[in-house]
Amino acid sequence: MKTLIVAEHDNESLKPATLNAVAAAQQLGGDVDILVVGSGCQGAAEAAASVAGVAAVLSADNAVYEHQLAENVSLAIADQAEGYDCVMAAATANGKNFMPRVAALLDVAQISDITGIIDADTFERPIYAGNVMATVKSSDVKKVITVRTTAFDAVATEGGTAVVQQVDGAHDAGVSRFVGEEVAVSDRPELTAASVVVSGGRGMQNGDNFSMLEGIADKLNAAIGASRAAVDAGFVPNDYQVGQTGKIVAPDLYIAVGISGAIQHLAGMKDSKVIVAINKDEDAPIFQVADYGLVADLFSALPELEAAL
Amino acid sequence: MKVLVAVKRVVDYNVKVRAKSDGSDVELNNVKMAINPFCEIAVEEAVRLKEAGTATEVVVASIGDKSCQEQIRTALALGADRGIHVEAEGRPEPLEVAKLLKGVIAAESPDLIILGKQSIDGDNNQTGQMLGALTGMGQGTFASEVSVGDGTVQVIREVDGGLQTVELTLPAIVTTDLRLNEPRYASLPNIMKAKKKPLETFSPSDLGVDVQSHVTLVSVKPPAERSAGIKVESVEQLVDKLKNEAKVI
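Because the structure is a prediction, the values reported are computed rather than measured. (Residues numbered from 1 in each chain as written. Chains lettered and ligands numbered in written order. Predicted model: local features only at pLDDT ≥ 70, side-chain atom pairs only at ≥ 80, totals over all residues.)

Draft legend 1. Fine view of the sheet that holds strand β5 (residues 82-87) of chain B. Pairing is mixed in the open sheet, where ten strands are placed in the order β11(A)-β9(B)-β8(B)-β7(B)-β10(B)-β6(B)-β1(B)-β4(B)-β5(B)-β11(B). In this open sheet, the two edge strands, each paired with only one partner strand, are β11 (176-183) of chain A together with β11 (199-202) of chain B. Sheet twist, expressed as the average angle between the axes of neighbouring strands with direction ignored, equals 35°. In this sheet, strand β10 (residues 172-176) of chain B lies alongside strand β7 (residues 138-148) of chain B in parallel orientation, the contact comprising four bridges. Residue pairing for β10 of chain B: G138 of chain B is matched across the bridge by A172 of chain B. (Pairing = 2+ DSSP bridges. Helix = DSSP H or I, 4+ residues; strand = E, 2+ residues; numbered from the N terminus. Axes fitted to C-alpha atoms, helices over the stretch in contact; angles between N-to-C directions.)

Laid out in structure tokens, this is it:
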């Protein structure tokens, strides 16, 4: 068994999601190599080489991969897939973007968002927004898999002594061009990596009221999230969304404020270690998963909580 | 400009789906079915392009057994011009759906193909990207804004941490995210009109595709339950519990 992990990175550094994917690959067994596709990505490649348990690092470093456009990156990955039994990536926005292209290029199925490994061919994954867990068996010789990061504990960033090997070839499909990006600049930790997350739901009533969560988030060094209902209502941008169609988080502490607890949302946060729910409706389903529930009007509870922290 | 939209018949999003007691599959008997919500957004986007004069024709395709014609009719009632049904039994996998859609594209030569980013049953999030690889087209996945230019389309994409804008050469593929638009409701007159709109049926062999299965469903089970904890009486008690019992702050 030999697995190729496609790194999640920003050229300079390796993103923590890669470490969860490596953990999944190690569970599968055999050699684990990491492929870094980027431009000027020595930083990320060197970081990958020191990840615990990694055998080799392949670096496809070329200007055409600068913004990791799926059309180009998928060709580079498919190129390197030969000799591997499995190609794996974290199920991030990036991984979800290019991995199915890799699978189609290799003419195999993709097993998306796995949360468990039964054996080399059999995997567990959530379906129907997490209402059901499915065990699926792949008959493909070569597997293409994306990994739900919260289901696998990250491996250590240090301890590995892999050598970085440059791979040749620049694939430019010539059908897409990066125009620009608008990355939310925030001093807060990233939602999927934060150890504390404070999320607001429809109960926040409007976007301005999300500022009430900021004071609490500041004190706890927390990321701010939201339910799909709050995103749908236009209170906050979609990159705040926690849930089956948004981000999957599993912090040490998750504070759900004015969130009823639709299964869609629970699917994105129920693996958090401690869940706190603040909601004025005592019958809200969120209380069924909360370790600590506070039945209260959030508009009085939030200032009180901020003051008490 | 011709727009092709792919739609999938799925369990209505209001239905709480459960595993059968023998764990063989999910319970789908007598369950309300509907267009996958992300596919509905795709139909809406295409119809808006037509209303804006950018698109001249909106063709809607669905792959599945005969019952998915219902969802094609729904899309026609929302404003699509004609339907294509590719008959496939069972649950065709994303790769096979992508191959069949490639066949539809070969026959129709659309300039823009819009799909939902994922279906709410399998939650695979694959078909659009696979179709991109098979056709060699560019893709704008998880789109929150689509603007068609001269021979190109600009797509604003929802990515981790913000938004990314890409420009694709037409023909191209777009997959929809939630905030792209808010789909309309079909009016009764439009539902009646939709019944008369053309709908063609093809078999996979008509499109030169041999449908295969790569993945089998072994079993299903309910997710691990998380048990409810306690209710606290006050913010003060909550903070105390978090500090001294859970030790997370």
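This is not the end of the story, as more comes after the structure.
Draft legend 2. Representation of the packing of helix α3 (residues 94-108) of chain B against helix α4 (residues 127-135) of chain B in the model. Residues and elements named next belong to chain B. Between α3 and α4, the least distance of the axes is 8 Å, while the angle of their chain directions is 55°. When the axes of α3 and α4 are compared, the pair comes out oblique. Helix-helix and strand crossings are classified by hand; for α3 and α4 the assignment is right-handed. Counting all contacts with α3, which are made through P94, L95, V97, A98, K99, L101, K102 and I105, the residues of α4 involved are T127, M130, L131, L134 and T135. (Parallel < 35°, antiparallel > 145°, perpendicular 65-115°, else oblique. Left-handed = near helix turned anticlockwise from the far one by under 90°. Contact = placed C-beta atoms within 7 Å.)

Draft legend 3. Highlighting the pairing of β10 of chain B. Residue and element names in this part refer to chain B. Counting buried positions along β10 gives five out of five residues, so the element sits mostly inside the fold. Going residue by residue along β10, you find A172, V174 and T176 tucked away on one face and I173 and T175 tucked away on the opposite face as well. As judged from the five bridges shared by strand β6 (residues 112-116) and β10, these two strands associate in the parallel manner. Along β10, the bridge assignment pairs G116 with T176. (Buried ≥ 20, exposed ≤ 12 C-beta atoms within 10 Å, placed from the backbone.)

Draft legend 4. Quick look at helix α2 (residues 42-49) of chain A. By the burial criterion, the buried members of α2 of chain A are A44, A45, A47, A48 and A49 of chain A. Among the structural elements, β2 (31-38), β3 (56-61) and β10 (163-166) of chain A are those in contact with the buried residues of α2 of chain A.

Draft legend 5. Representation of the interface of chain B and chain A within the structure. Counting from both sides, the interface comprises 66 residues of chain B and, opposite them, 73 residues of chain A. For the side of chain B that touches chain A, the secondary structure elements donating two or more residues are α3, α4, β7, β8 (152-159), β9 (162-169), β12 (215-221), β13 (230-232) and α6 (235-245) of chain B. Looking at the side of chain B that touches chain A, the element that brings in the most residues is β9 of chain B, giving eight residues. The residue makeup of the side of chain B that touches chain A, split by class, is 31 nonpolar, 21 polar and 14 charged. In terms of strand pairing, strand β16 (residues 292-295) of chain A meets β13 of chain B through three bridges, oriented parallel. Residue pairing across strands places L294 of chain A opposite V232 of chain B, the latter belonging to β13 of chain B. (Nonpolar A, V, L, I, M, F, W, Y, C, P; charged D, E, K, R; others polar.)

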